[in-house]
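Observations on chain architecture
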Amino acid sequence: MAGEFAGKVAVVTGASSGIGRATALAFAREGASVVVADRDEAGGQETVAMIRDVGSTAFHVTCDVSQDADVARMVDATVRTYGRLDCACNNAGIEGVQATTAEYPCEEWDRVLAVNLTGVWLCMKHEIPVMLAHGGGAIVNMASILGVVGFATAAAYTAAKHGVVGLTKVAAVEYATQGIRVNAVCPGFIATPLLDRAGITPGTDMYAMIANLHPIKRLGTPEEIAEAVLWLCSEKASFVTGDAMLVDGGYVAQ
Ligand code: NAD
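Residues numbered from 1 in each chain as written. Predicted model: local features only at pLDDT ≥ 70, side-chain atom pairs only at ≥ 80, totals over all residues. Heavy atoms only, no water.

**Regarding the overall build of the protein chain**
Secondary structure summary: the protein chain contains 8 helices and 7 strands in total. Computed over the C-alpha atoms, the radius of gyration of the protein chain is 17 Å, within 12% of the 18 Å expected from 2.2 N^0.38 for a compact globule of 254 residues. Considered along the principal axes of its C-alpha atoms, the protein chain spans approximately 45 × 35 × 35 Å. The buried share of the protein chain, reckoned over its 254 residues, is 51%. Across the protein chain, the fraction of contacts at a sequence separation of at least 24, relative to all contacts at a separation of at least 6, is 71%. Of the roughly 10900 Å² of accessible surface on the protein chain, 57% is carried by carbon and sulfur atoms. (Helix = DSSP H or I, 4+ residues; strand = E, 2+ residues; numbered from the N terminus. Rg over C-alpha atoms; globule rule 2.2 N^0.38 Å. Buried < 20%, exposed > 50% of the residue type's maximum accessible area, 1.4 Å probe, protein only. Contact = heavy atoms within 4.5 Å. Areas by Shrake-Rupley, 256 points an atom, 1.4 Å probe, with all protein chains shown as cover.)

What follows is the structure in structure tokens.
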């Protein structure tokens, strides 16, 4: 298949839904073979079918990114099936409950950190050796505006996303001379099932209030985030590494 990523192999975690699905589809439309890595099997198979519909190839791996053995198996399956790994979008994430810092439940703290921070590290831990073995690659970790600023009632999520930005910078510096670029994307509020679960659905007062927090006065779309991921993975971004790119309708600029 023709396209900017023709002949390339991309892993996208959390690709059964939302931003991950849009990113997997964007890679596929540009000719990449895509590994859809997600703990949700049914959604993963739907994404694979959507990718085949646009004429590219993909398979789903059931993978909990917080589990080292799952991530190792996912990267192994990638290399066994496609022979290489060029691009990785480490995107799987959860929202966690909303509670003030003193009231934040310990088990929820552990769960959010395990998926949103340890999960990103485990993915890089297994992706980087494979990329090094095949001449390099590009990694984009999904952070958030909450990787840059605070947000009341989101202690674990905010701590994890700040951690993702830090981790991204460390890996960028470590592998800069070895052909691997590592960046993060920091989305503002994006209309996905993650926000639906938090009650931020179109037509509600909450949705209007959240839209109003962005100078652009709307939420973003998953496709707008996918565009940034693809650009960061492309040759057009060949001098960009260690960046935490805001794609946030101006949220953090205020
Ligand atoms: P989503 O809920 O639509 O999709 C998240 C996907 O991750 C789901 O398919 C889910 O099954 C998968 N997932 C969750 N835990 C997993 C695990 N342990 N292992 C493997 N897969 C797992 O959410 P989304 O809005 O598309 O979020 C994607 C990423 O973008 C997350 O990291 C999120 O924190 C980040 N983000 C979202 C927003 C937003 O407003 N939606 C804003 C900033 C950042």
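**Re the site of the ligand**
In the vicinity of the ligand lie 30 residues, with Ser 17, Asp 38, Asn 91, Tyr 157 and Thr 192 positioned nearest. Contact with the protein chains covers 96% of the free accessible surface of the ligand, which is 820 Å². Only α1 (18–29), α5 (155–175) and α6 (193–197) provide two or more residues apiece to the shell around the ligand. The element contributing the most residues to the shell around the ligand is α6, with 4 residues. When grouped by side-chain class, the residues that make up the shell around the ligand number 15 nonpolar, 9 polar and 6 charged. (Near = heavy atom within 4 Å. Nonpolar A, V, L, I, M, F, W, Y, C, P; charged D, E, K, R; others polar.)

**Focus on the pairing of strand β1 (residues 9–13)**
When you tally the buried positions in β1, you get 5 out of 5 residues, the bulk of the element. Covered by surrounding structure in β1 are Val 9, Val 11 and Thr 13 together with Ala 10 and Val 12, the residues of both alternating faces. Across 5 bridges, the pairing between β1 and strand β2 (residues 33–38) is parallel. Bridge pairing links Val 9 to Ser 33 in β2. Read as a crossover between parallel neighbours, the route from β1 over α1 to β2 is right-handed. Of the strand pairs in this sheet, β1 and strand β4 (residues 87–90) are connected by 3 bridges, and their pairing is parallel. Looking at the pairing, Ala 10 lines up with Cys 87 of β4. (Pairing = 2+ DSSP bridges. Right-handed = clockwise from strand over helix to strand, strands pointing away.)

**Quick notes on the pairing of β2**
Where burial is concerned, most of β2 is hidden: 6 out of the 6 residues are buried. Taking every second residue as pointing to the same face, both faces of β2 are buried, with Ser 33, Val 35 and Ala 37 on one and Val 34, Val 36 and Asp 38 on the other. In this sheet, strand β3 (residues 58–62) lies alongside β2 in parallel orientation, the contact comprising 5 bridges. Residue pairing across strands places Val 35 opposite Phe 59, the latter belonging to β3. Note on the crossover from β2 through helix α2 (residues 41–53) to β3: the handedness is right-handed.

**Comments concerning α2**
Taking 1.5 Å per residue, 13 residues should reach 18 Å; α2 reaches 18 Å between its end C-alpha atoms and fits that length. Within α2 the residues assigned to the buried category are Gly 43, Gly 44, Thr 47, Val 48 and Ile 51. Angular distribution of buried residues about the axis of α2 spans 145 degrees; they occupy a single face of the element. The exposed set on the far side of α2, more than 90 degrees from its buried face, consists of Ala 42, Arg 52 and Asp 53. The N-cap residue of α2 is Asp 40: its side-chain oxygen and the backbone nitrogen of Ala 42 are 3.2 Å apart. Gly 55 sits one or two residues past α2 and shows a positive phi near 95 degrees. (Expected span 1.5 Å × (residues − 1). Arc of directions from axis to C-beta. Polar contact = N/O pair within 3.5 Å; in protein donor to acceptor, adjacent residues only side chain to side chain.)

**Considering the pattern of salt bridges**
Pairing between side chains becomes possible if they bear opposite charge and their charged atoms approach one another. This model, assessed by the stated rule, comprises 8 salt bridges. Close ionic contact of Asp 86 with Arg 84 constitutes a salt bridge, the shortest N to O distance being 2.6 Å. Exposure remark for Asp 86: the relative accessible area of 6% places this residue in the buried category. With relative accessibility at 29%, the residue Arg 84 sits in the partly exposed group. (Salt bridge = Lys/Arg side-chain N within 4 Å of Asp/Glu carboxyl O.)

Shape descriptors only; they carry no functional weight alone.
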